[in-house]
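Fold and contact review
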Amino acid sequence: MDERRSEDELIAAVATGDEAAFGVLYDRFARPLYALGLRWLQDVEDAEELVNDTLIRAWRQADRFDPARGRAGAWLFGIARHVATDRLRSRGRRPGPAGEGGPDPVGHLDVDGLAEAWEIAAALERLPGVQREVLLLAYRDDLSQSQIAEVLGVPLGTVKSRTYHALRGMAGLLEPIAPMAIEAAVPAAWTFGGRR
């Protein structure tokens, strides 16, 4: 199965009982779902169960997914939000604002924003390593192009070329999901799940 196969196509394949598609879906979303589970539930076992419960529900409810109502990532993160809320309620804990002793406000989660950030992080991972590296140094580490050239030990022109091609690559990868500015996309991807 194509690694770049869209999440919408994967959900459609899962709805037909395609176990290979479910495996790809699991591989793509287990890590970000686990990270969200840790943040929301603040417990390793609960986070692991959130991943399993979310993906089992997705398997069972895949035929209910409607791409006209939103992207597959947003649908999955919405399921995760419900799973987390159910787990908290079963323990007598309620989602509440951070700082009141409870987890982050699961009920007010921007699932579309999370799905978009996940897609951005996935696009960033598909770039060649040298291109990804210059974007991370620029947007994550807030380095100038001259500083990046110094850190990498390459000419300034090389940094500019890699940055240009990286931004073009990101624009091409992100075009189908959202008409957003690349300058806003890369930092969002890093905070959500880009790799060092």
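The sections below set out a description of the structure shown in this document. (Residues numbered from 1 in each chain as written. Predicted model: local features only at pLDDT ≥ 70, side-chain atom pairs only at ≥ 80, totals over all residues. Heavy atoms only, no water.)

The final tally for this structure, using the stated rule, is four salt bridges. For Arg87, the salt bridge identified is with Glu49, shortest N-O distance 2.6 Å. One end of the pair, Arg87, is in helix α4 (residues 72-90); the other, Glu49, is in helix α3 (residues 44-61), and 38 residues separate them in sequence. In this structure Arg87 comes out as buried when scored by relative accessible area, which is 16%. On the basis of relative accessibility, which here comes to 33%, the residue Glu49 falls in the partly exposed class. Two residues, Arg57 and Asp86, come together in a salt bridge whose shortest N-O distance is 3.2 Å. Note that Arg57 is positioned in helix α3 and Asp86 in helix α4, a separation of 29 residues in sequence. Of the residues examined, Asp86 reaches a relative accessible area of 38% and is grouped as partly exposed. (Salt bridge = Lys/Arg side-chain N within 4 Å of Asp/Glu carboxyl O. Helix = DSSP H or I, 4+ residues; strand = E, 2+ residues; numbered from the N terminus. Buried < 20%, exposed > 50% of the residue type's maximum accessible area, 1.4 Å probe, protein only.)

Here we come to the nonpolar core. Formed by 28 residues in total, the largest nonpolar core has its most connected members in Ile11, Leu25, Leu33, Trp40, Leu50, Trp75 and Leu76. Mapped by element, the contributors of at least two residues to this core are α1 (7-15), α2 (19-41), α3 and α4. Contacts of Ile11, omitting those with residues within four sequence positions, involve Leu25, Ala62, Phe65, Ala72 and Trp75. Listed in part, the nine residues of the second largest apolar core include Ile120, Leu127, Ala166 and Leu174. (Core = buried A, V, L, I, M, F, W, Y, C linked by side-chain atoms within 4.5 Å. Contact = heavy atoms within 4.5 Å.)

Function cannot be inferred from these measures alone, as they are strictly geometric.
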